[in-house]
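The primary structure of each chain is shown beneath.
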Amino acid sequence: MKKIIYVDNAATTKLDNDAFEAMKPYLLDEYGNASQPYSFSRTSRKALKKSREVIAECINAKPTEIYFTSGGTESDNWAVKNTFFGGRKKSIITSEIEHHAILHSTKAIEQIGCNVVYLKPTREGLIIPEELSKFVTKETGFVSIMLANNEIGTIQPIQELAQMAHQVGALFHTDAVQAVGHIHVDVQDLGIDMLSASAHKFNGPKGIGFLYIKEGTPIVPYINGGAQEASLRAGTENVASIVGMAYALKKNCQNIDNNKRKINKLEKEFIRLLKEAGKIEFIKNGGKNTLSGNISLSFKNQDGEAMLHRLDLKGICVSTGSACDSHNTNISHVLQAIHLNKEYAKGTIRISLGKDNTIEEIKIVAEEIIKIVQIS
Ligand code: PLP
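Residues numbered from 1 in each chain as written. Predicted model: local features only at pLDDT ≥ 70, side-chain atom pairs only at ≥ 80, totals over all residues. Heavy atoms only, no water.

With respect to the pairing of strand β5 (residues 140-144)
With 5 of 5 residues buried, β5 is to be regarded as a mostly interior element. In this sheet, β5 lies alongside strand β3 (residues 91-95) in parallel orientation, the contact comprising 3 bridges. Bridge assignment links isoleucine 92 to a residue of β5, and that residue is phenylalanine 142. Here β5 pairs with strand β6 (residues 171-175) via 3 bridges, running parallel. Across the sheet, phenylalanine 142 pairs through a bridge with leucine 171, a residue of β6. (Buried < 20%, exposed > 50% of the residue type's maximum accessible area, 1.4 Å probe, protein only. Helix = DSSP H or I, 4+ residues; strand = E, 2+ residues; numbered from the N terminus. Pairing = 2+ DSSP bridges.)

Concerning the site of the ligand
Thr73, Asp175, Gln178, Ser198 and Lys201 are the nearest of the 13 residues found near the ligand. Threonine 73 is positioned with one of its side-chain polar atoms (N or O) 2.6 Å from an oxygen atom of the ligand. Histidine 200 places a side-chain nitrogen or oxygen 2.9 Å from an oxygen atom of the ligand. Its free accessible area being 390 Å², the ligand has 85% of it covered by the protein chains. If you tally residues by element for the shell around the ligand, the top one is helix α3 (residues 72-85), at 3 residues. Split by residue class, the shell around the ligand holds 2 nonpolar, 8 polar and 3 charged. (Near = heavy atom within 4 Å. Polar contact = N/O pair within 3.5 Å; in protein donor to acceptor, adjacent residues only side chain to side chain. Areas by Shrake-Rupley, 256 points an atom, 1.4 Å probe, with all protein chains shown as cover. Nonpolar A, V, L, I, M, F, W, Y, C, P; charged D, E, K, R; others polar.)

A look at a nonpolar patch on the surface
On the surface, Phe20, Leu27 and Leu28 cluster together to form a nonpolar patch covering roughly 300 Å² of accessible area. For leucine 27, the position within the fold is in helix α1 (residues 17-27). (Patch = residues over 30% accessible without salt bridge, like charges linked within 9 Å, V, L, I, M, F, W, Y side chains within 5 Å. Salt bridge = Lys/Arg side-chain N within 4 Å of Asp/Glu carboxyl O.)

Quick word on the pairing of strand β4 (residues 115-119)
Relative to β4, β3 runs parallel, the two being bridged by 5 bridges. From the neighbouring strand, serine 95 faces β4, where its bridge partner is leucine 119. Handedness of the crossover is the feature at issue here: the chain leaves β3, passes through helix α4 (residues 100-110), returns alongside β4, and the resulting connection is right-handed. (Right-handed = clockwise from strand over helix to strand, strands pointing away.)

Some thoughts on the side chain of threonine 217
Assignment of secondary structure puts threonine 217 in the loop between β8 (209-213) and α8 (239-254). Within the structure, threonine 217 has its side chain in polar contact with the backbone oxygen of lysine 214 (distance 2.6 Å).

Some points on unusual backbone geometry
At glutamate 229, a position not held by glycine, the phi torsion is positive, near 50 degrees. In this fold, glutamate 229 is placed in the loop between β8 and α8. Classification of glutamate 229 by relative accessible area gives buried; the value is 8%. Of note in the backbone geometry, lysine 279 takes a positive phi value of approximately 55 degrees without being a glycine.

So, helix α10 (residues 304-313)
When we look at burial in α10, the residues that qualify are Gly304, Met307, Leu308 and Leu311. The arc that holds the buried residues of α10, viewed along the axis, is 100 degrees, so those residues lie on one side. Directly after α10, the chain includes glycine 315, whose backbone phi takes a positive value near 85 degrees. (Arc of directions from axis to C-beta.)

Some remarks on the pattern of salt bridges
For the structure on display, the rule yields 17 salt bridges. Taking the shortest distance from any N to any O, the salt bridge between lysine 300 and glutamate 281 comes out at 3.7 Å. With a gap of 19 residues between them, lysine 300 in the loop between β10 (294-299) and α10 and glutamate 281 in the loop between α9 (256-277) and β9 (282-284) connect regions that are remote in the sequence. With a relative accessible area of 26%, lysine 300 lands in the partly exposed category. Take glutamate 281: its relative accessible area is 45%, and that puts it in the partly exposed class. Among the charged side chains, a network of salt bridges with common partners joins Asp16, Asp18 and Lys251.

Some details on the sheet that holds strand β2 (residues 66-69)
Spatially, β2-β8-β7-β6-β5-β3-β4 is the arrangement adopted by the 7 strands of the open sheet, whose pairing is mixed. Among the strands making up the open sheet, the edge pair consists of β2 and β4. Sheet twist, expressed as the mean angle between neighbouring strand axes with direction ignored, is 20 degrees. In this fold α3 packs onto β2, β3, β5, β6, β7 (194-198) and β8, with an angle of close to 160 degrees to the strand it touches most, β7. (Axes fitted to C-alpha atoms, helices over the stretch in contact; angles between N-to-C directions. Contact = heavy atoms within 4.5 Å.)

Quick look at the structure:
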């Protein structure tokens, strides 16, 4: 098999080997349904309880405030649709640069009677409190702003935004799918009511995540059925994946500062190599305060999708910010929202570094990008 250089860690991450080992017993021998009272299920039940405690500790929450879901998409859907089904005030504020898990959920409830305002970011991708203050009213029931953007990495001033929402009695949710396990996340410090997270973004398994719901928050069940997750999210618990998620999160949280330091060094070297090559006109998107290693670059007069395919031929995995069909270039909603000049926007690729990337890999990626840009 061709050697792969994986620099698309914002799309997904490799499952941590130790997390996989921790999961194995629950896939094989300890298969008891965690909700059954007999002693065979005791080990699964204990693992579930322990995992909830570990995850809660990682974000400074209480174990009873962690609700397991199938991932970021479900957590986002639950948080948004709770506004409608919960019978609270039906005015919502979110931003133009949210993930589609939020935007398509707000579109869905707009069609059945909710009023939604989409805040505009600055050119750096920031949702500034002044922008929220223009729209927040006593009618606002729910505000959802992501903690860090998945395309351009911008980290938002969540504390101030949450305070502003609370001043009018609205609930505040943050989609922290790209942030949890990568930057320190403390739900008490942030002062939020709900937070979405997904295991496969922090070296856990795919198809598992959680929604943090602050004690006392008015919430309605999203998936109806059995009594799992305090009867709010029914379905037999996916114990193995929950164990893997807790393991991976704890490991990542214990190493956040080391990982960040390493990734920042790689990022700096990568940008240096591109700048040194000369004759390459590019912009780094997302402003000054971005997630480490989330490098969204827009190359002047290039085609991001063509770049992606040419890198793919070399075994390099990146994402693009635009997709071409034979007639059009579809620039992503995030790049459109930050009003990136078209001649740059269509040449956008996202390189997202992870803790396992090496300096040798970064040099190869830079070299291949330089070749593509210089010859086209
Ligand atoms: N929110 C953000 C910011 C994301 O980046 C993603 C995944 O890319 C999601 C939500 C959806 O998460 P999941 O893949 O776990 O459904």
